[in-house]
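# Report on the structure
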Amino acid sequence: MEVKILKRNIFQRMLGLSVTSEPKDSTCWNYSYGKLTVDLDKVPELKQAGGAIRLEGRDLPERILVFFGEDQQYYVFRNRCSHIGHRRLDPVPGTNTIQCCSVSKSTYDFGGNKIYGPAPHQLIRYSTIIDGNKLTTTIS
Ligand code: FES
């Protein structure tokens, strides 16, 4: 599997600034009693392969990364690198990988398995259910 390094400058890496933004429409998602629901009609960011959003705050128990892979599947991960800095993650277009935004650039496959870098553990990936325009996942 190819490991491609996302183009980021040293300051972005040192500060842990991820490429992935929060959704433009903040009403596109809801979290209640452990269930995260995303209204895909309100998220143009996820229409193209490689598109991603990060969800944070409100009552979410942890940061979440949602992206649409080149394999036309939606993925939901805990947005926390397993390396000591626990920085955020970004999908790397064209590679079927996810990469930490930090200086060390730990990289994982879509199964959450580390394929590059110092991260000691795999990522936590959540299963998704697509029902019409709704993506749901249980955050445990
Ligand atoms: S926090 Fe991700 S590689 Fe260090």
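Now for a description of the structure that goes with this document. All residue numbers refer to positions counted from 1 along the written sequence of the respective chain. Where local features are concerned, this predicted model is filtered to residues with pLDDT of at least 70; where side-chain atom pairs are given and counted, the filter is 80 or more; whole-chain, interface and lining totals use all residues. In computing side-chain properties, one takes all heavy atoms of the structure into account and sets aside hydrogens as well as water.

## Here's the deal with the sheet that holds strand 11 (residues 129-131)
- Between any two strands, at least two bridges found by DSSP are needed for them to pair. In this description a helix means any DSSP run of H or I spanning at least four residues, a strand means any run of E spanning at least two, and both kinds are numbered starting from the N terminus. As summarised here, the arrangement of the four strands in space is 1-2-12-11, forming an open sheet in which the pairing is antiparallel. Both outer strands of the open sheet, strand 1 (29-32) and strand 11, are each paired with one neighbouring strand and no more. Recorded for the sheet is a direction-independent mean angle of 20 degrees between the axes of neighbouring strands. Only the stretch in contact is used when a helix axis is fitted, and all axes are lines through C-alpha atoms; the angle between N-to-C directions ranges over 0 to 180 degrees.

## Observations concerning the side chain of Thr-137
- Within the secondary structure layout, Thr-137 lies in strand 12 (residues 134-138).
- Any two residues having at least one pair of non-hydrogen atoms within 4.5 Å are treated as being in contact. In contact with Thr-137, other than residues within four places in its own chain, are Gly-34, Lys-35, Leu-36, Val-76, Tyr-126 and Ser-127.

## Observations regarding a nonpolar patch on the surface
- Patches here are clusters of residues that have more than 30% relative accessible area and form no salt bridge, with a 9 Å joining cutoff for like charges and a 5 Å cutoff for nonpolar side chains (Val, Leu, Ile, Met, Phe, Trp, Tyr). Residue-level accessible areas treat just the shown protein chains as cover; the underlying method is Shrake-Rupley with a 1.4 Å probe. For this analysis, a salt bridge means a side-chain nitrogen from Lys or Arg found within 4 Å of a carboxyl oxygen belonging to Asp or Glu. On the surface, a nonpolar cluster with roughly 620 Å² of combined accessible area is contributed by Ile-10, Phe-11, Met-14, Leu-15, Leu-17 and Val-103.
- Within the secondary structure, Val-103 is located in the loop between strand 7 (97-100) and strand 8 (107-109).
- Judged by relative accessible area, which is 41%, Val-103 ranks as partly exposed. Using a 1.4 Å probe on the protein chains alone, a residue whose accessible area is under 20% of its type maximum counts as buried, one over 50% counts as exposed, and one in between counts as partly exposed.

## Things to note about the pairing of strand 2 (residues 35-39)
- Taking burial as the measure, the five residues of strand 2 include four buried ones, the bulk of the element.
- As judged from the four bridges shared by strand 1 and strand 2, these two strands associate in the antiparallel manner. Counterpart to Trp-29 in the pairing with strand 2 is Val-38.
- Joining the antiparallel neighbours strand 1 and strand 2 is a turn of two residues, in which Tyr-33 adopts a positive phi near 50 degrees.
- Of the pairings in the sheet, the one linking strand 2 to strand 12 comprises five bridges and is antiparallel in character.

## Topic: the nonpolar core
- Counting 17 residues, the largest nonpolar core has Trp-29, Leu-36, Val-38, Leu-55, Ile-64 and Val-66 as the members making the most contacts within it.
- Not counting chain neighbours up to four residues away, the residues in contact with Val-66 comprise Leu-46, Gly-51, Ala-52, Ile-53, Leu-55, Tyr-75, Val-76 and Leu-135.
- Within this scheme, the nonpolar core is defined by two criteria: the residues are buried Ala, Val, Leu, Ile, Met, Phe, Trp, Tyr or Cys, and they are joined through side-chain atoms within 4.5 Å. The next biggest cluster of nonpolar side chains, apart from the first, holds 13 residues, and it includes Phe-67, Phe-77, Leu-89 and Cys-100.

## Looking at the packing of aromatic side chains
- The rule is short: rings of Phe, Tyr and Trp, with Trp giving its six-membered ring, pair when the centres are within 6.5 Å, and they are stacked under 30 degrees, edge-to-face over 60, tilted in between. Considering all chains together, one arrives at five aromatic pairs under this definition.
- Taking the centre distance of 6.0 Å and the plane angle of 5 degrees together, the rings of Phe-67 and Phe-77 count as stacked. Taken as a pair, Phe-67 in strand 4 (residues 64-68) and Phe-77 in strand 5 (residues 74-78) lie far apart in primary sequence, 10 residues in all.
- For Phe-67, a relative accessible area of 0% gives the class buried.
- Their ring planes at 55 degrees and their centres at 5.1 Å tell us that Phe-67 and Phe-110 sit as a pair that is tilted. In this pair, Phe-67 is assigned in strand 4 and Phe-110 in the loop between strand 8 and strand 9 (114-116), connecting sequence segments 43 residues apart.
- Put simply, the rings of Phe-67, Tyr-75, Phe-77 and Phe-110 pair up and form one aromatic cluster.
- Ring-over charges, as used throughout, are those where CZ of Arg or NZ of Lys falls within 6 Å of the ring centre and within 35 degrees of the ring normal. In this structure, Arg-58 is placed above the aromatic ring of Trp-29, and the distance from its NZ or CZ to the ring centre is 3.9 Å.

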